[in-house]
There are 4 protein chains.
Amino acid sequence: MLDLVSLRRDFHMHPEVGFTEFRTASKVVEILTSLGYDVIYGQDAMDGDARRGLPSEAVLEAAYERALRDGANPAILEKMRGGYTAVIGVKKGNKPGPTVAFRFDMDALPVLESTDADHFPQANGFRSRYEGNMHACAHDGHTTIGLGVAEALAAGEFAGTLKLIFQPAEEGVRGAYSIVQKGLLDDVDYLFCHHLGVNVPLGEVHGGSYGFLATTKMLAHFYGVSSHAGASPEQGKNALLGAATALLNIHAIPRFSTGSTRVNVGVLEGGTAANIIPAYAKMVVETRSVSEEVNAEVEQRVRNIIAHSAAMHELDYKIEVIGGAIPINYDVEMAELALEEAKHVEGFSSFKMGEHNSMGSEDASFMIKRVQERGGKGTYMSIGTDLPAPHHHPKFDIQEEILPRSVKLLERIARRLLA
Amino acid sequence: MLDLVSLRRDFHMHPEVGFTEFRTASKVVEILTSLGYDVIYGQDAMDGDARRGLPSEAVLEAAYERALRDGANPAILEKMRGGYTAVIGVKKGNKPGPTVAFRFDMDALPVLESTDADHFPQANGFRSRYEGNMHACAHDGHTTIGLGVAEALAAGEFAGTLKLIFQPAEEGVRGAYSIVQKGLLDDVDYLFCHHLGVNVPLGEVHGGSYGFLATTKMLAHFYGVSSHAGASPEQGKNALLGAATALLNIHAIPRFSTGSTRVNVGVLEGGTAANIIPAYAKMVVETRSVSEEVNAEVEQRVRNIIAHSAAMHELDYKIEVIGGAIPINYDVEMAELALEEAKHVEGFSSFKMGEHNSMGSEDASFMIKRVQERGGKGTYMSIGTDLPAPHHHPKFDIQEEILPRSVKLLERIARRLLA
Amino acid sequence: MLDLVSLRRDFHMHPEVGFTEFRTASKVVEILTSLGYDVIYGQDAMDGDARRGLPSEAVLEAAYERALRDGANPAILEKMRGGYTAVIGVKKGNKPGPTVAFRFDMDALPVLESTDADHFPQANGFRSRYEGNMHACAHDGHTTIGLGVAEALAAGEFAGTLKLIFQPAEEGVRGAYSIVQKGLLDDVDYLFCHHLGVNVPLGEVHGGSYGFLATTKMLAHFYGVSSHAGASPEQGKNALLGAATALLNIHAIPRFSTGSTRVNVGVLEGGTAANIIPAYAKMVVETRSVSEEVNAEVEQRVRNIIAHSAAMHELDYKIEVIGGAIPINYDVEMAELALEEAKHVEGFSSFKMGEHNSMGSEDASFMIKRVQERGGKGTYMSIGTDLPAPHHHPKFDIQEEILPRSVKLLERIARRLLA
Amino acid sequence: MLDLVSLRRDFHMHPEVGFTEFRTASKVVEILTSLGYDVIYGQDAMDGDARRGLPSEAVLEAAYERALRDGANPAILEKMRGGYTAVIGVKKGNKPGPTVAFRFDMDALPVLESTDADHFPQANGFRSRYEGNMHACAHDGHTTIGLGVAEALAAGEFAGTLKLIFQPAEEGVRGAYSIVQKGLLDDVDYLFCHHLGVNVPLGEVHGGSYGFLATTKMLAHFYGVSSHAGASPEQGKNALLGAATALLNIHAIPRFSTGSTRVNVGVLEGGTAANIIPAYAKMVVETRSVSEEVNAEVEQRVRNIIAHSAAMHELDYKIEVIGGAIPINYDVEMAELALEEAKHVEGFSSFKMGEHNSMGSEDASFMIKRVQERGGKGTYMSIGTDLPAPHHHPKFDIQEEILPRSVKLLERIARRLLA
């Protein structure tokens, strides 16, 4: 029998940021395997090219080495090398039936955890051992709940298939897309995603959430040619002229009457010295909209502006998508079903249907959309826990009684649909 | 025997701007014909597509009608319709020999001529009859001199071929190129161009002139799509955003270490109303350099900036060259020969070789270059006359004694080379 | 007894655009005077400096002369010279009571009226006699209705004061503000404005309308110094560089989370020739928002951008407000009262409260706001008429039976409140 | 008797970049003191606020500690703490007379010295011990020559005053200005500056050099306000919008007919994340011209553009001058005198007057100008040495026989003028 609190605290002590969840994911593989699940992971679980905002090779390798040092199983780890850290556990029931899936995100944040005496993990000896990284968004809890659900349904006494998806790199809305692109959502009939906290108090459950924005995060590179600014300025191809032109024109993309939008060039960096024509610049751009279609159109305009700002100054360029999400249209039927089951779980006392979610964007949106596109249904639930500090804050924490309670809720949902 | 003063005064009274020299050119055709010259004119004398900065159809037609009303020969005029106003007179000598050509420009300016009593044409009754147009750059004199030379050499008693080129639209450096592109300079061995005035006093002759700048004048059109700025801004394709982006980036073209340059966006006009996304904008751009190659490179950068500023905002665009010139590298041998002959013409008393010319740009440069490219030689002379007011001024005028004196000089040059 | 149809047709034949309603306004003065009203007009009716987008002196004078030629009363006209074309008729009742006002706009549009045989005014001989101008927005009807109301209540047998406001230059949202600034709304307790048409069918009345956008229209001038672009570019102060910088940055004003916005630079014109550094440029800018406060903030940012874009290039600048409006918050009580009265007028059969208005912006908004600020109440009604073509279209027309019906409605509203 | 070669090699092994010449300068102080010179150094030798491009406190402190570790005299060092590394040695002669000064620059470069076996310092065991820093511009030689001159003239048997100026931070044209601003050139009658190498072969001397460009290097900071780009973009003050606007407009500064110019924005960096409105940006800008006045005008335009680009977006800003130089107009009389003396020094065999210098910019220009402004005379000499690799190259080196030869030359110049 898994000790959920110990598990969660172990994850909390070893926070790993997006695409470096080597130790966490290898633990998940070990436990799922020991519970008799078929486990899909490494390059089988992710489309490598569809990973967004992948860290540099050096960062990936350093995290890999750290996981090795911290006792992760080398044989499992080897398959995850280079940032393939998704894990999917599959259990076929003893009778035919639909496929029900749950999503659990595993990654931590680049936040320095508090050492204040009143910070619960500090007081109880399970503060992050990786200085500068922290589970400040409850994904340690999510991963733990996923393993609890795995245990609860390990006997396979149900009709259909259970699929437990442990996702890397939700922060920055980067990881879900690569799992979707690998086709792993294609056979799912019902998908349940959730988040702990999100301004919902302990005891309250929301069956569905709306208000997530479509967004695209891009990293653009402008490649020119340097030259001495005094001796031969005309021989340079000025990357900063291209980038500055792009910046102004991106901000000048018009308002859309078809849905409110946002654009931002959040970072621009280029050039090396006063007397050198800048040969390189990079730019981080973000688009958003309430509408997926409008966001796609704004993204397209950003791409066009960058392409021609570069070409105007004879620059080469490259645009990488480093993150993205779309709105979530949850299925009311699933939200209602979730609330019905929640009413049977001790500890839940407040039940709401679709509430506006305060989290901005979520890449589970790609998973839900894929399921819906293929005729399935899905929802995104919020499960309350009182927060001592906001999400992403050095003193963020969850109440651990929510762990078994959430396991119970998801188990009931699974059994209901796999009956 | 031609009365040069009467001829000049007749031209002065009927000033016709670039590509509308219908009356002037038809007179030239009549006189050359009567003198037994082979006359090339109309579409035989010009490459229509190579005419730069051609006026609108309406302007051309109105000028055509005016020339008709003012007694121009309808049969000749018909061949010039639509702005084909170049005339080339060819006389083959009675012995074989080289081909010697002279260039005379015929066009007037959009200047309102002075009515002051002390303005010589006003005082002597030959002020412009075309209000708002004026021969304020001595081309009436140039044309007259050309006809005088034609008469002087009409007997054909020389060895070789004489070619007298009467050019339209020198103002704005627009007309020479179309004659060159028609191939009419290809057989020329020696070419002499000249200008009266240009800050050279009466009695002085310069055998050659340098310092003319390479230049390109362009008219760019940006074509977008209008839309209501309140109701559906995203449906517009904003021509002014493209044009303003081009404007800033054109001015940001770097300095060249290989030759000093200039760039200017002289005109920008676009849009119709506050609440309409602008569907159209136009822009007039000028580049210059002491070097033809550098000017060509700057022009190419302007074109590239316009193309991509347009494409960035999903605009179509068109660039018309409406004027251009290149530097003149006169042949010292020709300049010396001209001065030697000038010393034999009464009235000339000061003789200089290559002096810096104060006129900026000249499209005779294309003619001289073509001759030189094919192994010939050429020069650009300045023939002095005291000026009561600067070129292009409402009180500009020349001293008429320079007319027969210039005819004599050019006749001597021709006879020397056709001996 | 006024012949409303004849009156309307006379106005229709003599359409006068904003601030040039000399003939129309002088007719209004004559009729109101003949009906025994106190008439305020000329400089007594408008704050001259608060007139927005006033035409040039030449345009005003030409229209003035035309009105004279067309038989307008010279003594009355004299007081309106220079664009003072508002007229307010005041009638005090025979008992004390509140002040009730109605607004009627009088100006026409720069639209060329259709000559199609099926266009009613053409077919019936009252097409515009002022080619290029047209009553294509029903203001001829509005003015007629106002005079009808004046006649109906001329006896003054009511308790309180009646104020009939005939406004110039509603098109471009320019004229109302100057009447408000003159203080002529300060004593009004109840104000009723209305529009015929606006996609409301004949027989239907809306008691109130919402959805008008706050907007500001500005004309910005950039004053620099010209210089020869080849000879001395550094001596110029380039107005187009300043204007283009302003244009890009105006479009880059951020989205507001506090209310949706629009910005547009609708016109940019500057410069004179390829080889001259542009010394002057002008720009027409429009801002909009659903919120008056947000529009004011966007306007302030536009002003700041223009100021510093100019200063950056050592330019002087001037910004004129040439139009503006704010949202309308109609008083439900007045809308209900209007509908109650409409139910007693034959011909009206469909009654709606506040509907979204399709007209964009209205400067009656300034009048309603002033009344509300001082404790009064107001509304903006829509009175239906079937349209053969949209507002501002060459074939726009109204159904004339709406004229007496509207007079009846407004008379009933006045009598109810002045009882 | 100083061993010049050993001295030079010691300096070469301990290269210190601009304003961190703690060890070098303290050695200079020790030697000058031991030779009986009055020594001005620390805050007495430099105007602290006039130091340009001063490194950060941390960099200064680390270099200070390193110098301490490497045996620099702590008592001397203490006075230089914080980057006060200029040293001036003054020797009054035994008779009255003029003041003659020589300038020697001491700083090294951030270049990684070659470890190739054929690199002379490597082969002879005196390669840089400070990895990443290198004397790759002969300033180790300059400093050595200065000390040799000090020794040669230590007896003070001359008429007048000798002033030996050891300058920090010539690289980046940063250090001379602070010495000038402290007034230390104000009493100088004759000033001789020089450089070894600069494409002049061993045995050749140039009495004067011209062609140095006026230049200004600026670091601009833009300070805005961050805000969430999705939730409240309008609350941000976008530093990158201001910086990009400045960048485009700086590049659009016009060409000057009064002297060729250069402008470059060499670095632009701002913003932190995709979803944050950037609150800070910095920009490195360089201006140049053949004319000090034109460079000053271009610098002024850059400042104006930055000021208004910032204000346009409600940003604060700060501009630091981090480097600068002006052209050098050497006095022909001094150049001739230097050549005359060189002819008496064994080893010099080729003598040229003013040659175009290939080094771009030199801040000794400020010293020469100050001397000339106060009635003195000065020159900038080039003393040849064959170079195995160009200046600033990892394999740069000088020929050591030039050291005593240069000492002899400068000694002769001093004695001639102090006779």
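Residues numbered from 1 in each chain as written. Chains lettered and ligands numbered in written order. Predicted model: local features only at pLDDT ≥ 70, side-chain atom pairs only at ≥ 80, totals over all residues. Heavy atoms only, no water.

Caption draft 1: Region of the structure containing the overall build of chain A. A count of helices and strands for chain A gives twelve helices and twelve strands. Its C-alpha atoms give chain A a radius of gyration of 23 Å, within 12% of the compact-globule value 22 Å for 419 residues. A total of 419 residues make up chain A; the buried ones form 63% of that total. A separation threshold of at least 6 residues defines the contact pool for chain A, and within that pool the share at least 24 residues apart is 84%. Counting every atom, chain A has about 14,100 Å² of accessible surface; 48% of that belongs to carbon and sulfur. Counting 40 positive and 54 negative side-chain charges, chain A places the averaged centre of each group 1 Å from the other. (Helix = DSSP H or I, 4+ residues; strand = E, 2+ residues; numbered from the N terminus. Rg over C-alpha atoms; globule rule 2.2 N^0.38 Å. Buried < 20%, exposed > 50% of the residue type's maximum accessible area, 1.4 Å probe, protein only. Contact = heavy atoms within 4.5 Å. Areas by Shrake-Rupley, 256 points an atom, 1.4 Å probe, with all protein chains shown as cover. Lys, Arg positive; Asp, Glu negative; His and termini not counted. Charge placed at Lys NZ, Arg CZ, Asp CG, Glu CD.)

Caption draft 2: Molecular detail of the relation of the copies chain D and chain A. When chain D is brought onto chain A, the operation consists of a screw motion whose angular component is 180° and whose axial shift is 0.0 Å, with 0.1 Å RMSD remaining. Each copy turns onto its partner about a two-fold axis. Same-surface contact between copies: 100% of interface residues of chain D are shared with the interface of chain A. (Least-squares fit on C-alpha atoms with pLDDT ≥ 70 in both.)

Caption draft 3: Broad picture of the domain arrangement of chain A. Residue and element names in this part refer to chain A. According to the domain assignment, chain A contains domain 1 (4–212 + 327–418) and domain 2 (214–324). The C-alpha-based centres of domain 1 and domain 2 are spaced at 34 Å. Listed by partner, the interface residues are eleven residues for domain 1 and ten residues for domain 2. Summed over both sides, the interface between domain 1 and domain 2 buries roughly 760 Å², with carbon and sulfur atoms accounting for 52% of that surface. In this structure, the connection of domain 1 to domain 2 is made through one salt bridge. One salt bridge in this structure joins E292 and K369, with 2.9 Å as the shortest N-O distance. Between the two partners, domain 1 and domain 2, sit two residue pairs in polar contact (both at pLDDT 80 or more). Grouping the constituent residues of the side of domain 1 that touches domain 2 by class yields four nonpolar, three polar and four charged. (Domains from an automatic or database assignment. Buried area = accessible area lost by both parts, 1.4 Å probe. Salt bridge = Lys/Arg side-chain N within 4 Å of Asp/Glu carboxyl O. Polar contact = N/O pair within 3.5 Å; in protein donor to acceptor, adjacent residues only side chain to side chain. Nonpolar A, V, L, I, M, F, W, Y, C, P; charged D, E, K, R; others polar.)

Caption draft 4: Inspection of the sheet that holds strand β4 (residues 159–167) of chain A at higher detail. Residue and element names in this part refer to chain A. On the basis of which strands lie adjacent, the open sheet formed by eight strands has the order β1-β2-β4-β3-β5-β12-β6-β11 and mixed pairing. The open sheet has two edge strands with one neighbour each: β1 (38–41) and β11 (350–356). Pairwise comparison of adjacent strand axes, ignoring direction, gives a mean angle of 25° for this sheet. Judged from the six bridges that link them, strand β2 (residues 87–92) and β4 form a sheet pairing that is antiparallel. Following the sheet pairing, I88 is matched in β4 by I165. Helix α2 (residues 22–34) rests against β1, β2 and β4 of the sheet, and its axis sits at about 10° to β2. (Pairing = 2+ DSSP bridges. Axes fitted to C-alpha atoms, helices over the stretch in contact; angles between N-to-C directions.)

Caption draft 5: Local environment of the interface of chain D and chain B. At the interface, twelve residues of chain D touch twelve residues of chain B. A buried area of about 990 Å², summed over both sides, lies between chain D and chain B, and 47% of it is on carbon and sulfur atoms. Across the contact surface, chain D and chain B share six residue pairs in polar contact (both at pLDDT 80 or more). Its residues assigned to classes, the side of chain D that touches chain B shows six nonpolar, four polar and two charged.

Caption draft 6: Representation of the interface of chain D and chain A in the model. At the junction of the two partners, chain D supplies 32 residues and chain A supplies 32 residues. Summed over both partners, the interface of chain D with chain A buries about 2,400 Å², with 61% contributed by carbon and sulfur atoms. Put simply, chain D and chain A have zero salt bridges between them. The interface formed by chain D and chain A holds ten residue pairs in polar contact (both at pLDDT 80 or more) in total.

Caption draft 7: Structural context of the packing of aromatic side chains. This model, assessed by the stated rule, comprises 29 aromatic pairs over all chains. Centre to centre, the rings of F22 of chain B and Y64 of chain B are 5.4 Å apart; their planes meet at 85°, and the pair counts as edge-to-face. Separated by 42 residues along the polypeptide, F22 of chain B in helix α2 (residues 22–34) and Y64 of chain B in helix α3 (residues 57–69) bring together distant segments of the chain. By relative accessible area, F22 of chain B is classed as buried at 0%. With a centroid separation of 5.7 Å and an interplanar angle of 35°, the aromatic rings of Y223 of chain C and Y280 of chain C are classed as tilted. (Phe/Tyr/Trp six-rings, centres within 6.5 Å; stacked < 30°, edge-to-face > 60°.)

Caption draft 8: Structural view of the UniProt feature "binding site: Mn(2+)" (unreviewed entry) in chain A. Residues and elements named next belong to chain A. Within the UniProt annotation, "binding site: Mn(2+)" (unreviewed entry) is assigned to C137, H139, E171, H195 and H392. Taken along the chain, the residues just named run across 256 residues; in space they keep tight, none of their C-alpha pairs more than 13.8 Å apart. On the secondary structure map, C137 appears in the loop between α5 (120–123) and α6 (139–152). Tracing the backbone shows H195 in strand β5 (residues 190–196). (UniProt positions renumbered as here; feature names shortened; annotations may be inferred.)

Caption draft 9: Representation of the relation of the copies chain D and chain B in the model. Least-squares fitting of chain D to chain B yields an RMSD of 0.2 Å, with the superposition described by an axial translation of 0.0 Å and a rotation of 179°. A share of 100% of the interface residues of chain D reappears at the interface of chain B, consistent with the copies meeting face to face through the same patch.

Caption draft 10: Region of interest: helix α6 (residues 139–152) of chain D. Residues and elements named next belong to chain D. With 14 residues, α6 should reach 20 Å at 1.5 Å per residue; the first-to-last C-alpha distance of 20 Å fits that figure. With respect to burial, α6 is a largely interior element, twelve of its 14 residues being buried. For α6, the set of buried residues is H139, D140, G141, H142, T143, T144, I145, G146, L147, G148, V149 and A150. For α6, the elements touching its buried residues are α1 (4–13), α2 (22–34), β3 (95–105), β4 (159–167), β5 (190–196) and α12 (402–417). (Expected span 1.5 Å × (residues − 1).)

Caption draft 11: Structural view of the pattern of salt bridges. A complete count under the given rule lists 120 salt bridges over all chains for this structure. Where salt bridges share partners, they join R8, R9, D140, D397 and E400 of chain A into one cluster.

Caption draft 12: Seen up close, the packing of helix α8 (residues 239–251) of chain A against helix α8 (residues 239–251) of chain B. As a packed pair, α8 of chain A and α8 of chain B sit with axes 12 Å apart at the nearest point and diverge in direction by 155°. Between α8 of chain A and α8 of chain B, the interaxial angle falls into the category roughly antiparallel. Note on packing geometry: the crossing formed by α8 of chain A with α8 of chain B is right-handed. Side by side, α8 of chain A and α8 of chain B meet where L241, T245 and N249 of chain A of the first sit next to L241, T245 and N249 of chain B of the second. For the contact of α8 of chain A with α8 of chain B, the residue count by class is two nonpolar, four polar and no charged. (Parallel < 35°, antiparallel > 145°, perpendicular 65-115°, else oblique. Left-handed = near helix turned anticlockwise from the far one by under 90°.)

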